[in-house]
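Examination of the molecular architecture
Each chain, letter by letter, is given below.
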Amino acid sequence: MNATAHLGTGTVIQNSLIGIRDGKINLVADATTARVDKSSYDEVIDASGKHVYPGLIAPNSTLGLTEIEATRASNDFREVGSILPHIRSLIAYNTDSKIIPTVRTNGVLMAQVTPRGGIISGTSSILQLSGWNWEDAVYKVDDGIHINWPRVQSRKFIDEEQGVAGPYEKNKEYTKQTEELKKLFSDAKAYSETTTHEEKNLRFEAIKKLLDGTEIAYIHSNDVKEIIEAVNFCKSFQLKKVVIVGGRESWMLTDLLKENNISVIVTRVHELPEHPDDDIDQSYKLPFLLQKAGILFCLNNAGDQEATGTRNLPFLAGTAAAYGLTKEQALQAVTFNTAKILGIDKTIGSLEEGKDATLFISTGDALDMRTNHVEYAYIKGVAIDLSNEQQALYEKYKKKYGLK
């Protein structure tokens, strides 16, 4: 009761009533006009002066697939091989990861757990950040296949420690790699049109789900030429559901994206420009440019230390708000927009009656690192423990050194 409710749809209720029953939201109203029987609920929380939000959703994440990036034994996000559409990240997800509680602390309550590497990394799934095992945690099984579109050109680090990159070099394998993709999809299409098979081909069976629209084709691509060729590739095979992941230069191709109904999972906002002649704030303002063009987009945190950095997802949205988006548009970029792109918006992503009660209450503005302080969090109406190892260590050493 009485919190400022940010519904995730662009609407804000300054003095709200939100009811939860059987894991679903059964009431969203203005407390100044609505009347409700408090005795019909087991618990009543007076959240006066606080803010309530839908749970944040982290797309394109290795959360639960890695613990310490520098320790190979703790990484389980990549398989051997380069064409692996049938490999599923779901069964590698570790609910006991110590990173997950630190992420929930900032309001991130769901994630699209995504494999990495190769030309086709495998199949992602969407998981809620609670549960004893992956069977408990899974929210949507096998939502899509991730294709890393070959780079036209790339550059290597001259000095990796200093982050100094060398000149761009043409990818001599580009044509070979794209032809390999085309052959795979052509063979899979022929396979899908055949009614009887002596043996099941797992790769073709996986690709078949892209061809019939059962799953989403996530195309990881950043540069203009690569995005254009990826879109033409998808059109040639009549893929029904396509999402560009990264899309650093997608703002130059908004007409093409709109024409083909393609949304974008935007590259990390806290990132340096790719090219020397790019605007210094290019990454910061990319969400605004897509919003202005009417492209459906959401934010992700892929890159170095991405699993641990997932806790910064609300602050990526905060940065986007500082560079053109309104606060509610920025919130949508980590909630409702994400749910739409992942195909789960009918049940989650906003505070609306009938949807799953996955939400949190923050003392202040959740998109501002100075005021984000999550006091309560719920996944499907179940209260979530917000303690984590970092907090425990803080309390331990504060006590040890006699600090107040």
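For the structure, see preceding data.
Now for a look at the structure at hand. (Residues numbered from 1 in each chain as written. Predicted model: local features only at pLDDT ≥ 70, side-chain atom pairs only at ≥ 80, totals over all residues. Heavy atoms only, no water.)

1. Overview of the packing of helix 3 (residues 174-192) against helix 4 (residues 202-211)
Where helix 3 meets helix 4, the axes come as close as 9 Å, and the angle between the chain directions of the two elements is 85°. Between helix 3 and helix 4, the interaxial angle falls into the category roughly perpendicular. Contacts between helix 3 and helix 4 involve L184, F185, D187, A188, K189, Y191 and S192 on the former and, on the latter, F204, E205, I207, K208, L210 and L211. Looking at side-chain class alone, the contact of helix 3 with helix 4 contains 8 nonpolar, 1 polar and 4 charged residues. (Axes fitted to C-alpha atoms, helices over the stretch in contact; angles between N-to-C directions. Helix = DSSP H or I, 4+ residues; strand = E, 2+ residues; numbered from the N terminus. Parallel < 35°, antiparallel > 145°, perpendicular 65-115°, else oblique. Contact = heavy atoms within 4.5 Å. Nonpolar A, V, L, I, M, F, W, Y, C, P; charged D, E, K, R; others polar.)

2. Section: empty space enclosed by the protein
For the structure on display, the rule yields 3 cavities of 30 Å³ or more. Considered as a void within the structure, the largest cavity measures approximately 60 Å³ in volume. Together, R248, E249, W251, M252, P273, E274, H275, D278, Q282 and S283 line the largest cavity. Here the lining of the largest cavity is built from residues that sort into 3 nonpolar, 3 polar and 4 charged. (1 Å grid on protein atoms, 1.4 Å probe; cavity = no way out; pocket = protein on both sides within 12 Å on 5 of 7 lines; lining within 4 Å. Points joined across faces, edges and corners; volume = space filled by probe spheres on them.)

3. Structural notes on helix 4
Along helix 4, the positions that sit buried rather than exposed are F204, E205, A206, I207, L210 and L211. If you follow the buried residues of helix 4, they end up packed against strand 8 (120-128), strand 9 (138-148), helix 3 and strand 14 (216-221). Between the side-chain oxygen at the start of helix 4 and the backbone nitrogen of R203 there is a gap of 3.1 Å, and the oxygen is on N201. Positive phi appears at G213, one or two residues downstream of helix 4, with a value of about 85°. (Buried < 20%, exposed > 50% of the residue type's maximum accessible area, 1.4 Å probe, protein only. Polar contact = N/O pair within 3.5 Å; in protein donor to acceptor, adjacent residues only side chain to side chain.)

4. Let's talk about the nonpolar core
One finds I120, F185, I219, L239 and L299 to be the most contacted residues of the largest nonpolar core, which totals 77 residues. The element contributing the most residues to this core is helix 3, with 6 residues. With sequence-adjacent residues up to four places away left out, I120 is seen in contact with S82, I83, L84, P85, I145, H146, I147, L181, L184, F185 and I207. Membership of the second largest hydrophobic core comes to 15 residues, among which are I126, Y139, I216 and L342. (Core = buried A, V, L, I, M, F, W, Y, C linked by side-chain atoms within 4.5 Å.)

5. Comments concerning the sheet that holds strand 18 (residues 359-362)
Pairing in this open sheet of 6 strands is mixed, and the strands run 2-1-5-18-19-20 from one edge to the other. Every interior strand has two partners, whereas the edge strands, strand 2 (12-13) and strand 20 (382-383), have only one. Two strands pair when backbone bridges link them, and strand 1 (residues 4-6) and strand 2 are joined in this way by 2 bridges, in the antiparallel orientation. Bridge assignment links H6 to a residue of strand 2, and that residue is V12. (Pairing = 2+ DSSP bridges.)

6. Brief notes about the pairing of strand 18
Neither face of strand 18 is left uncovered, since the one carrying L359 and I361 and the one carrying F360 and S362 both have all their residues buried. Summarising the sheet, strand 5 (residues 51-54) and strand 18 pair through 4 bridges and their orientation is antiparallel. What sits directly across from V52, in strand 18, is I361. Judged from the 4 bridges that link them, strand 18 and strand 19 (residues 374-379) form a sheet pairing that is antiparallel. In the sheet register, S362 faces strand 19, and the bridge partner there is V374.

7. A look at the layout of surface pockets
Looking at the largest pocket, its volume works out to about 1900 Å³. Mapped onto the lining of the largest pocket, the elements with two or more residues apiece are strand 9, strand 14 and strand 15 (242-246). Each residue belonging to the lining of the largest pocket can be placed in one class, and the counts come to 13 nonpolar, 21 polar and 14 charged. Volume-wise, the second largest pocket comes out at about 640 Å³. Together, 25 residues line the second largest pocket, and I18, G19, I20, Y41 and E43 are the ones closest to its centre. Counting only elements with at least two residues in the lining of the second largest pocket, the list comes to strand 3 (16-21) and strand 18. At 6 residues, the largest contribution of residues to the lining of the second largest pocket is made by strand 3.

8. Re the sheet that holds strand 14
The 8 strands lie next to each other as 6-7-8-9-14-15-16-17, forming an open sheet whose pairing is mixed. For this open sheet the edge positions go to strand 6 (56-61) and strand 17 (297-299), each flanked by a neighbour on one side alone. Averaged over all neighbouring strand pairs, the angle between strand axes comes to 25°, with direction disregarded. The pairing of strand 16 (residues 263-266) with strand 17 spans 3 bridges and is parallel. Counted as the bridge partner of I265 is C298 from strand 17. Along the sheet face, helix 4 touches strand 8, strand 9 and strand 14 and points at about 95° away from the line of strand 9.

9. What to know about helix 5 (residues 224-236)
Its 13 residues give helix 5 an end-to-end C-alpha distance of 18 Å, which sits within 8% of 18 Å, the value for a rise of 1.5 Å per residue. Its buried side turned inward, helix 5 meets strand 10 (153-154), helix 3, strand 14, strand 15 and helix 6 (254-259). (Expected span 1.5 Å × (residues − 1).)

10. Points about unusual backbone geometry
Glycine aside, the phi torsion of most residues is negative, and most peptide linkages are trans. Of note, the phi angle at N60 is positive, near 50°, even though the residue is not glycine. In this structure, N60 sits in strand 6. A relative accessible area of 3% places N60 in the buried class. A positive phi angle is found at Q305, which is not glycine, with a value near 50°.

11. Here we look at the packing of aromatic side chains
Tallied over the full model, the rule gives 8 aromatic pairs. Ring centres of F185 and F237 lie 5.5 Å apart, and the angle between their planes is 50°; this geometry places the pair in the tilted category. With F185 in helix 3 and F237 in the loop between helix 5 and strand 15, this pair connects stretches of sequence that are 52 residues apart. Judged by its relative accessible area of 0%, F185 falls in the buried class. A relative accessible area of 10% means that F237 is categorised as buried. Relative to F237, the ring of F233 lies with its centre 5.1 Å away and its plane at 55°, an arrangement referred to as tilted. With respect to class, F233 is no different from F237; both count as buried. Taken together through their ring pairs, the aromatic side chains of W149, F185, F233 and F237 make up a single cluster. One residue, R21, lies across the ring of Y41, its end atom 4.9 Å from the ring centre. (Phe/Tyr/Trp six-rings, centres within 6.5 Å; stacked < 30°, edge-to-face > 60°. Lys NZ or Arg CZ within 6 Å of the ring centre and 35° of its normal.)

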